[in-house]
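Inside the fold
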Amino acid sequence: MRRARIHLMLFLVLLAANPSLAAEHLVSSASQIAAAMANANPGDTLIMTDGVWNNQHIDFAGFGTADNPITLKAQTQGGVILTGSSNLDISGRHLVVDGLTFQDGTPQGSHIVRFTGPLGKASNSRLTNTTITNYNPSDINDRYFWVSLYGQDNRVDHSRFQGQNHSGVTVVAWLDNNIEARHLIDNNHFLDRPEGNDNGFETIRLGTSEVSNTNAKIIVEHNLFERVDGEIEIISNKSNDNTFRYNTFRDSKGTLTLRHGHRATVEGNFFLGNNKDGSGGIRVIGEDHVITNNYFADLDDRADGVISITAGIPNTEPSGYQQVKNAIIAHNTIVSADMPGITFDWGFGDRDRTLLAENLTIAGNLITGVSDSIFEGQEGPGWTWEDNLVFGAPLGITPRPGITIADPDLILAPDGLFRPDTNSLALNIIPLSSALVTTDIDGQTRTGLIDIGADETLNTPFLIRPLTAADVGPILPLAGDYDDSGVLDSTDIQLIQQAMGTSDPAFDLNNSGIVDITDLNLWLTDLYGTLPGDANLDRAVNLIDLSALAASFGQSIINGYAQGDLNLDFSVNLIDLSILATNFGQSANTIPEPATSTLLLLLLTHRR
């Protein structure tokens, strides 16, 4: 009996550790999801059947592991439509929700997707490849949130959020006081949010006034914001130690606002206003912020300055305006804005705002073509000015060391950004040893004497670019990737072989009603981009493929495309040799020439 128990325990350990033993559960309702999760193990996948899911209140609650999360996914990307009052709670650990679409509904309660539920706040969980569109009540004042993040170490990525028109934040992080959240919000597409009628129409908010001194450590990166006009705060930072990087803001009526909290990093973002009324840059409130390598163009006077430093309130309440202290504003490029480049004291004298910013470093910025003046407002004590290059408008303050007024000689580059020409006065100015930045807005490493502004002129590939819709949002499934590995490979051919002779529509690429050799050839040519006979899938038919075929010639073989079973009939024979001969010596970019007799001779040589 003791030995039997030990064997059972070993089996259970192996079962938990081996993802190949994970189960799939087909579910068609919220109640079926709850029933499946009651018995789900790490590594299991719940597959939601395609169709319209109306008024479904889903509790996705369970405990996966880091190596084997539990996944809830659509049968096909975009094939599951949740509507009516449908919503989703994610609670537990190591859970993944993948590929859902919420469309044209109005949830009952406070949210559409919430990272908390019957098993408490979620941790190490993920919402990915999901779309929420036009999920709106009839009254603009009915307030609820589209995605509410709770807990720790969660991720919202590669999703699309479109058409929110009511009060409530699109993605909000609810924080526990003095607990690091460490969420990641990345590669999402936020678009088409019309202007609201008051505050409370943010696109992203991290924290609240009450917990704004929490060190949240949330990262918001590689997101695209297009036509999000809800209110002045597109992003509202209300906690400490958050990072906003590599995001693109296009045609959006608002700003990235550091509303409460300290030590935010804002780097490598593109603010492209296209002269839209009310488009803006960054509002600065609080202490120890670092704002570097950002690019601003064609903005239109949202906060009286592209970078707007706000005056503070003495002894302010959490909901008030904290004094700006110890900020670094360096190596930003500002071109063509219908407002000053940097405003020093926005709101001064209004609502008890009497504290000017202290101990700021303004260094290496390039500002040109703004209206009114380059700078505006009153400086506080302890400001440092270094290596700024400005042109095209009155300075707005008294001249001083650290500001050079001269034409930076910018040209419009093929990517639509203004960059220094080869003879620009912005080039090769600052010793790297004293620089405040080591990279530029393109993700390139700065070397030698570095340039003023966000761009370093280098002949190395760009790692970061302004984002477009093609770069973000749900990742469409890769046609022919039957094992969902993210690549086309020999495993997909094995699955085609298993489907041979069936009518499975997933593999019947020519819609003939039967899976056969024609479908394999279509996979090879149209999806993978190679030729029949390419046994090792290197997009060429050559001696390497012949050698594999020769080694198996005359043998029965299972899953042997790579060994020369080119027609997937479980045998390597003259039929396979004929297929290889047809394209021998050719690559995917050349025209095949028959060479059967030559191949037969080579085959015999290899077999000897």
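Residues numbered from 1 in each chain as written. Predicted model: local features only at pLDDT ≥ 70, side-chain atom pairs only at ≥ 80, totals over all residues. Heavy atoms only, no water.

**As for the overall build of the protein**
Selection criterion: Here a helix means four or more residues in a row that DSSP labels H or I, a strand means two or more in a row labelled E, and each is numbered from the N terminus. Any residue under 20% of the maximum accessible area for its type is buried, any over 50% is exposed, and the rest in between are partly exposed; the area is computed with a 1.4 Å probe on protein chains only. Residue contacts are counted whenever heavy atoms from the two residues lie within 4.5 Å of one another. Per-residue and other accessible areas were derived by the Shrake-Rupley procedure at a 1.4 Å probe size, with only the shown protein chains allowed to occlude residues. For the purpose of counting charges, residues Lys and Arg are taken to be positive, whereas Asp and Glu are taken to be negative. His and the chain ends are not included. For the purpose of locating charges, the reference atoms are NZ of Lys, CZ of Arg, CG of Asp and CD of Glu.
Counting its secondary structure elements, the protein contains seven helices and 46 strands. With respect to the three principal axes, the spread of C-alpha positions in the protein is 90 × 60 × 50 Å. Looking at the protein as a whole, 53% of its 608 residues are labelled buried. Taking all contacts inside the protein whose residues are at least 6 apart in sequence as the whole, residues at least 24 apart take part in 65%. Carbon and sulfur atoms make up 51% of the accessible area of the protein, which amounts to about 25100 Å² in all. Within the protein, the 73 negative side-chain charges are centred at a point lying 8 Å from the centre of the 35 positive side-chain charges.

**Some remarks on the packing of helix 5 (residues 543–552) against helix 6 (residues 574–582)**
Which entries qualify depends on this criterion: Every angle, taken between N-to-C directions, lies between 0 and 180 degrees, and every axis is a line fitted to C-alpha atoms, over only the stretch in contact when it is a helix. Angles are sorted into four bins: roughly parallel if under 35 degrees, roughly antiparallel if over 145, roughly perpendicular if 65 to 115, and oblique for all others. In the scheme used here, Gly and all other residues not listed as nonpolar or charged are polar, with Ala, Val, Leu, Ile, Met, Phe, Trp, Tyr, Cys and Pro taken as nonpolar and Asp, Glu, Lys and Arg as charged.
Where helix 5 meets helix 6, the closest approach of the two axes is 11 Å, and the angle between their N-to-C directions is 175°. With respect to helix 6, the axis of helix 5 lies roughly antiparallel. Together, Asp545, Leu546 and Leu549 of helix 5 and Asp576, Leu577 and Leu580 of helix 6 make up the contact between the two elements. A class-by-class count of the residues in the contact of helix 5 with helix 6 yields four nonpolar, no polar and two charged.

**Focus: the pattern of salt bridges**
Selection criterion: Definition used for salt bridges: Asp or Glu carboxyl oxygen within 4 Å of a side-chain nitrogen of Lys or Arg.
Within this structure, the stated rule accounts for 21 salt bridges. Linking Asp350 and Arg353 is a salt bridge whose minimum nitrogen-to-oxygen distance equals 3.0 Å. By relative accessible area, which is 38% here, Asp350 ends up partly exposed. Take Arg353: its relative accessible area is 5%, and that puts it in the buried class. Connected via shared salt-bridge partners are Arg126, Arg155, Asp157 and Asp186.

**Some details on the environment of Gln555**
Note that Gln555 resides in the loop between helix 5 and helix 6. In this structure, the C-alpha to C-alpha distance between Gln555 and Phe570, residues 15 residues apart in sequence, is 8.6 Å. Ignoring sequence-local partners within four residues, the contact set of Gln555 consists of Phe570, Ser571 and Val572.

**Let's talk about helix 4 (residues 517–528)**
Filter applied, for reference: A helix's residues, less one, multiplied by 1.5 Å, set its expected span.
With 12 residues, helix 4 ought to run about 16 Å at 1.5 Å a step, and its terminal C-alpha atoms sit 15 Å apart, in line with that. The elements touched by buried residues of helix 4 are helix 3 (490–499). Gly529 lies just past helix 4 and shows a positive phi near 85°.

**Focus on the sheet that holds strand 39 (residues 375–376)**
Quick reminder of the rule: Strands are labelled as partners when DSSP assigns at least two bridges between them.
The sheet built from 12 strands is open, its strands ordered 4-7-10-15-18-21-24-27-30-33-36-39 with parallel pairing. Lying at the two open borders of the sheet, with one neighbouring strand each, are strand 4 (57–63) and strand 39. Note: strand 15 (residues 145–149) against strand 18 (residues 171–173), three bridges, orientation parallel. Residue pairing for strand 18: Ser148 is matched across the bridge by Val172.

**A word on the side chain of His331**
Defined as follows: Polar contacts, as counted here, are pairs of nitrogen or oxygen atoms within 3.5 Å of one another; within protein the pair requires one atom able to donate a hydrogen and one able to accept it, and residues that are adjacent in sequence qualify only if both atoms are side-chain atoms.
Topologically, His331 is positioned in the loop between strand 34 (328–330) and strand 35 (333–335). Residue classification places His331 among the buried positions, given a relative accessible area of 2%. Reaching out from His331, the side chain makes a polar contact with the backbone oxygen of Asp451 at a distance of 3.2 Å. For His331, the side chain forms a polar contact with the main-chain oxygen of Gly453, separated by 3.2 Å.

**Some details on the confidence of the model for the protein**
Our working definition: The predictor attaches a confidence to each residue, and that confidence, scored 0 to 100, is pLDDT.
Model confidence for the protein is summarised by a mean pLDDT of 92, while 93% of its residues fall at 70 or above. Per-residue pLDDT stays below 50 along residues 590–608; that stretch engages in 33 contacts with residues further than four places along the chain or on separate chains.

**Describing the pairing of strand 33 (residues 307–310)**
Across the two faces of strand 33 the burial is the same, with Ile307 and Ile309 and Ser308 and Thr310 all buried. Two elements, strand 30 (residues 282–284) and strand 33, share three bridges in a ladder whose sense is parallel. Residue pairing for strand 33: Arg283 is matched across the bridge by Ser308. With three bridges joining them, strand 33 and strand 36 (residues 342–346) adopt parallel strand pairing. Looking at strand 36, one finds that Ile307 is bridged to Ile342.

**Here we look at helix 2 (residues 30–38)**
As a reminder, the rule being used: Think of the arc as the fan of directions from the helix axis to the C-beta atoms.
Within helix 2 the residues assigned to the buried category are Ala30, Ile33, Ala36 and Met37. Along the axis of helix 2, the buried residues cluster in a sector spanning 120°; they form a single face. Projecting away from the buried face of helix 2 at angles above 90 degrees are the exposed residues Ser31 and Ala38. Where helix 2 is buried, its residues contact strand 1 (24–27), strand 2 (45–48), strand 3 (51–54), strand 4, strand 5 (70–74) and strand 8 (95–98).

**Some thoughts on unusual backbone geometry**
Within the chain, Asn187 stands out as a residue other than glycine whose phi angle is a positive 60°. Inspection of the secondary structure assignment puts Asn187 in the loop between strand 19 (184–186) and strand 20 (189–193). Not every positive phi belongs to a glycine, and Asp387 is a case in point at roughly 55°. As for its placement among the helices and strands, Asp387 is situated in the loop between strand 40 (384–386) and strand 41 (388–391). When its relative accessible area of 33% is taken as the criterion, Asp387 is described as partly exposed.

**Regarding the nonpolar core**
Going by this rule: Put simply, a nonpolar core is a bunch of buried Ala, Val, Leu, Ile, Met, Phe, Trp, Tyr and Cys residues held in one set by side-chain atoms that sit within 4.5 Å of each other.
Judged by nonpolar contacts, the single largest core of 87 residues is most densely connected at Met48, Leu88, Val113 and Phe375. Take this core: its biggest share by element is four residues, from helix 2. The residues contacting Met48, other than those within four sequence positions of it, are Val27, Ile33, Trp53, Ile58, Leu72, Lys73, Ala74, Gln75, Val80, Leu82 and Leu100. Of all hydrophobic cores here, the second largest spans 26 residues; its members include Ile493, Leu566, Val572 and Leu577.

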